[in-house]
Amino acid sequence: MSQPNFNARVAVIGAGTMGIGIAQVAAAAGHPVQLFDVDASAARQALNVLAQRLRQRVAAGKADADATEALLARIQPVDSLHPLADSALVIEAVAEKLAIKQSLFRDLEALCSPATLFASNTSSLSITAIAGALQHPQRLAGLHFFNPAPLMKLVEIVSGLDTSAETLATLQMLTRQWGKQSVLCRSTPGFIVNRVARPFYAETLRALEEQVADAATLDAVMRDAGGFAMGPLQLTDMIGQDINYAVTESVFQAFFQDPRFTPSLVQQELVAAGRLGRKSGQGFYRYGDHQPPVAAVLPPSTATLPRSVTLHGDPQGMTVLSELLAGNAESIKQSGQTTAFARIDEVTLMLTNGKTASQVADETGTPVVLFDLSANYSQATTVAISCAAQNDARHNASVVRLLQSLGRKVILLPDYPGLLVMRTLAMLANEALDVVNKGVASAEDTDQAMRCGVNYPRGPLEWAAALGWRQILTTLENLQHHYGEPRYRPMPLLRHYASLSSGAQQ
């Protein structure tokens, strides 16, 4: 299979959700596909379910009948491994057990042509370890699809220690023919997505543990203010608390219990209680006939609008403030200070940097309100803020009134360092930089993986660079000082980028 083509036979082993999804992808691209499962009836049942679903799309006018029947005809269930002998590519999507995968590929190597390529859809096991069972490990790579495989564009192509460049290039060409966006990475725990994404869940889980707000409010901050497609707690309910917790635990153990991957006790409790999310009817939320919880949004303020709003700071820092306050631009005057902030009458309004509002109020000698980060302030319906303990109620009300006058809902969080979106982005970018620094993947592939694999509004490296590496570094340093934990230690590449006078380009 040195040159992939539409006639090459593809075999898929494992007829679960991922296996039948991968078979559908290959068949849709024109390949004859053989589907095998150790349960003799599973492959046929999976194909029947797929046929029913695709024909429903035809009946609804969403798919072409002839193309659908041609796709289904290209998938052939088989009862043993022997018919797979002449396959150009064999993809396994069986149980996440190293011994099972190693045994399977040993059998395949003895059966298939020396030209056959092998791929594993594993999301957590070492490709090097799986390939270690082969006499010719250079022919095996990871081909990690995301669920649902027919809809999700991303595929992580993972190289083990011995995977050949030809194998990787062939899989890149093939996945491109399949309409997928592939990224290359080395075989390390979690690959790109499942490693870099850990802080997305971890920081919100920590905020929940520290009773910053309830689940609905924290999710609203990340979703409606931050710009993520779903809140982390919503998403873990959809994925399954057991699955999400298991991935975190796996990465934590694989990195020798590094504190930055520490699992959540709150999530562990949910799993122990059988509250696994949507599939069990209850996780962080209850499903069924229950009213969904509502985020705690401040009621409309009756305070008088501020008399004046002025911007202070460097151009890069003032960009964020300008975006937040764009609807009030006629009353904004710029002046040259080093730290970006807005002065709303006597109140200092700043983007959080990992300190509490009360700390900043002590330093500035002014009332302080901090606001959280957003991927796009012009589209965000909500803004999250925290207020210094030194503030009078009128100071807080004045800022809330201004923000609400700009058409935004306001969520008031306790005086929590780094708020939520900012500390999450700082940790995401920090982890992504470690991936790049250690040669696991390129910066471009890392960002693409996070955009396409988990639907982030921006790649964490692109987002952090636009915000400014100094802001990311300062946030992490302040969080590390606050908690006294190595969890928030800045990575060496972050320190390097932050030190560059240009703001550090990737």
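How each quantity is defined
- Residues numbered from 1 in each chain as written.
- Predicted model: local features only at pLDDT ≥ 70, side-chain atom pairs only at ≥ 80, totals over all residues.
- Heavy atoms only, no water.
- Helix = DSSP H or I, 4+ residues; strand = E, 2+ residues; numbered from the N terminus.
- Rg over C-alpha atoms; globule rule 2.2 N^0.38 Å.
- Buried < 20%, exposed > 50% of the residue type's maximum accessible area, 1.4 Å probe, protein only.
- Contact = heavy atoms within 4.5 Å.
- Areas by Shrake-Rupley, 256 points an atom, 1.4 Å probe, with all protein chains shown as cover.
- Lys, Arg positive; Asp, Glu negative; His and termini not counted.
- Charge placed at Lys NZ, Arg CZ, Asp CG, Glu CD.
- UniProt positions renumbered as here; feature names shortened; annotations may be inferred.
- Phe/Tyr/Trp six-rings, centres within 6.5 Å; stacked < 30°, edge-to-face > 60°.
- pLDDT = per-residue confidence, 0-100.
- Axes fitted to C-alpha atoms, helices over the stretch in contact; angles between N-to-C directions.
- Parallel < 35°, antiparallel > 145°, perpendicular 65-115°, else oblique.
- Left-handed = near helix turned anticlockwise from the far one by under 90°.
- Salt bridge = Lys/Arg side-chain N within 4 Å of Asp/Glu carboxyl O.
- Pairing = 2+ DSSP bridges.
- 1 Å grid on protein atoms, 1.4 Å probe; cavity = no way out; pocket = protein on both sides within 12 Å on 5 of 7 lines; lining within 4 Å.
- Points joined across faces, edges and corners; volume = space filled by probe spheres on them.
- Nonpolar A, V, L, I, M, F, W, Y, C, P; charged D, E, K, R; others polar.

1. Points about the overall build of the protein
Line of reasoning, step 1. Looking only at helices and strands, the protein has 20 helices and 15 strands in total.
Line of reasoning, step 2. Against the globule reference of 23 Å for 506 residues, the protein gives a C-alpha radius of gyration of 26 Å, in line with a compact fold.
Line of reasoning, step 3. Viewed in the frame of its principal axes, the protein has a C-alpha envelope of about 80 × 50 × 45 Å.
Line of reasoning, step 4. Looking at the protein residue by residue over its 506 residues, the buried ones come to 55%.
Line of reasoning, step 5. For the protein, the share of sequence-separated contacts (at least 6 apart) that also reach a separation of at least 24 residues comes to 69%.
Line of reasoning, step 6. Summed over its atoms, the accessible surface of the protein is roughly 21100 Å², and 52% of this surface lies on carbon and sulfur atoms.
Line of reasoning, step 7. Of note, the protein has its 40 positive side-chain charges centred 2 Å away from the centre of its 44 negative side-chain charges.

2. Re the UniProt feature "domain: 3-hydroxyacyl-CoA dehydrogenase NAD binding" (unreviewed entry) in the protein
Line of reasoning, step 1. UniProt marks residues 10-186 with the feature "domain: 3-hydroxyacyl-CoA dehydrogenase NAD binding" (unreviewed entry), using the numbering shown here.
Line of reasoning, step 2. Segment residues 10-186 splits into 40% helix and 21% strand. End C-alpha atoms: 24 Å apart.

3. Some words on the packing of aromatic side chains
Line of reasoning, step 1. The full count for this structure, using the stated rule, is 11 aromatic pairs.
Line of reasoning, step 2. On the basis of an interplanar angle of 25 degrees and a centroid distance of 5.3 Å, the ring pair of tyrosine 483 and tyrosine 488 is categorised as stacked.
Line of reasoning, step 3. You can call tyrosine 483 buried: its relative accessible area is 16%.
Line of reasoning, step 4. Grouped by ring-pair contacts, the aromatic residues Phe200, Tyr201, Phe228, Tyr456 and Trp463 constitute a single cluster.

4. What to know about helix H10 (residues 232-239)
Line of reasoning, step 1. Residues Pro232, Leu233, Leu235, Thr236 and Asp237 constitute the buried set of H10.
Line of reasoning, step 2. Looking one or two residues past H10, glycine 240 carries a phi angle of roughly 115 degrees, positive in sign.

5. A short note on the confidence of the model for the protein
Line of reasoning, step 1. Looking at the protein as a whole, its pLDDT mean stands at 93, while 95% of the residues score no less than 70.
Line of reasoning, step 2. Note on residues 502-506: pLDDT is under 50 here. Beyond four places in sequence and across chains, it has 14 contacts.

6. Things to note about the packing of helix H8 (residues 198-209) against H10
Line of reasoning, step 1. Remark: H8 packs on H10, axes separated minimally by 9 Å, with the N-to-C direction vectors making an angle of 110 degrees. Classified by the interaxial angle, the pair formed by H8 and H10 is roughly perpendicular. Viewed along their axes, H8 and H10 form a crossing whose handedness is left-handed. Taking contact as the criterion, the partners of Phe200, Tyr201, Thr204, Leu205 and Leu208 in H8 are, on H10, Pro232, Leu233, Leu235, Thr236 and Ile239.

7. With respect to the pattern of salt bridges
Line of reasoning, step 1. Taken as a whole, this structure holds 26 salt bridges when the rule is applied.
Line of reasoning, step 2. With a closest N to O distance of 4.0 Å, glutamate 109 and arginine 139 form a salt bridge. One end of the pair, glutamate 109, is in helix H4 (residues 98-111); the other, arginine 139, is in the loop between helix H5 (127-131) and strand S6 (140-145), and 30 residues separate them in sequence. Comparing glutamate 109 with arginine 139, the two get one shared label, buried.

8. Details of the UniProt feature "domain: 3-hydroxybutyryl-CoA dehydrogenase reduced Rossmann-fold" (unreviewed entry) in the protein
Line of reasoning, step 1. The UniProt record annotates "domain: 3-hydroxybutyryl-CoA dehydrogenase reduced Rossmann-fold" (unreviewed entry) at residues 349-417.
Line of reasoning, step 2. Taken end to end, residues 349-417 comprises 30% helix and 25% strand; its first and last C-alpha atoms sit 15 Å apart.

9. A word on helix H9 (residues 215-225)
Line of reasoning, step 1. Among the 11 residues in H9, nine count as buried, and that is most of the element.
Line of reasoning, step 2. Every buried residue of H9 is listed here: Ala215, Ala216, Thr217, Leu218, Asp219, Ala220, Val221, Met222 and Ala225.
Line of reasoning, step 3. Once H9 ends, the next one or two residues include glycine 227, with phi positive near 105 degrees.

10. Overview of the sheet that holds S6
Line of reasoning, step 1. Taken in spatial order, the eight strands of this open sheet run S3-S2-S1-S4-S5-S6-S7-S8, and their pairing is mixed. Each edge of the open sheet carries a strand with a single partner, namely strand S3 (75-78) and strand S8 (181-186). The mean angle between the axes of side-by-side strands here comes to 25 degrees, regardless of whether they run parallel or antiparallel.
Line of reasoning, step 2. Strand contacts of H4: strand S1 (10-13), strand S4 (89-92), strand S5 (117-120) and S6, with the helix running at about 165 degrees to S5, the strand carrying the most contacts.

11. Points about the environment of alanine 215
Line of reasoning, step 1. Within the secondary structure layout, alanine 215 lies in helix H9.
Line of reasoning, step 2. It is 8.1 Å that separates the C-alpha atoms of alanine 215 and alanine 295, two residues lying 80 residues apart in sequence.

12. Concerning empty space enclosed by the protein
Line of reasoning, step 1. Taken as a whole, this structure holds one cavity of 30 Å³ or more when the rule is applied.
Line of reasoning, step 2. Approximately 50 Å³ is the volume found for the largest cavity.
Line of reasoning, step 3. The wall of the largest cavity is formed by Ser123, Ser124, Pro189, Gly190, Asn194, Val247, Ser250, Val251 and Ala254.
Line of reasoning, step 4. A total of four residues in the lining of the largest cavity trace back to one element, the largest contributor, which is helix H11 (residues 241-254).
Line of reasoning, step 5. Grouping the constituent residues of the lining of the largest cavity by class yields four nonpolar, five polar and no charged.

13. Regarding the pairing of strand S12 (residues 347-351)
Line of reasoning, step 1. Of all five residues that make up S12, five are buried, and the element is covered over most of its length.
Line of reasoning, step 2. Bridge count for strand S11 (residues 341-344) against S12 is three bridges, and the pairing is antiparallel. Bridging from a neighbouring strand, alanine 342 pairs with leucine 349 of S12.
Line of reasoning, step 3. Where S11 folds back on S12, the antiparallel hairpin that results is connected by two residues, among which aspartate 345 adopts a positive phi of roughly 55 degrees.

14. Some remarks on the side chain of threonine 68
Line of reasoning, step 1. Tracing the backbone through its elements, the reader meets threonine 68 in helix H3 (residues 65-73).
Line of reasoning, step 2. In this structure threonine 68 comes out as buried when scored by relative accessible area, which is 7%.
Line of reasoning, step 3. Setting aside residues up to four positions removed in sequence, threonine 68 forms contacts with Leu54, Val58 and Ala63.

15. What to know about the layout of surface pockets
Line of reasoning, step 1. As a volume, the largest pocket reaches approximately 1200 Å³.
Line of reasoning, step 2. Taken together, 42 residues line the largest pocket, and the ones lying closest to its centre are Phe146, Asn147, Asn194, Ile239 and Ile243.
Line of reasoning, step 3. For the lining of the largest pocket, the secondary structure elements donating two or more residues are helix H1 (17-28), S6, helix H7 (193-196), H8, H10, H11 and helix H17 (443-454).
Line of reasoning, step 4. Among the elements that line the lining of the largest pocket, the one with the most residues is H11, at five residues.

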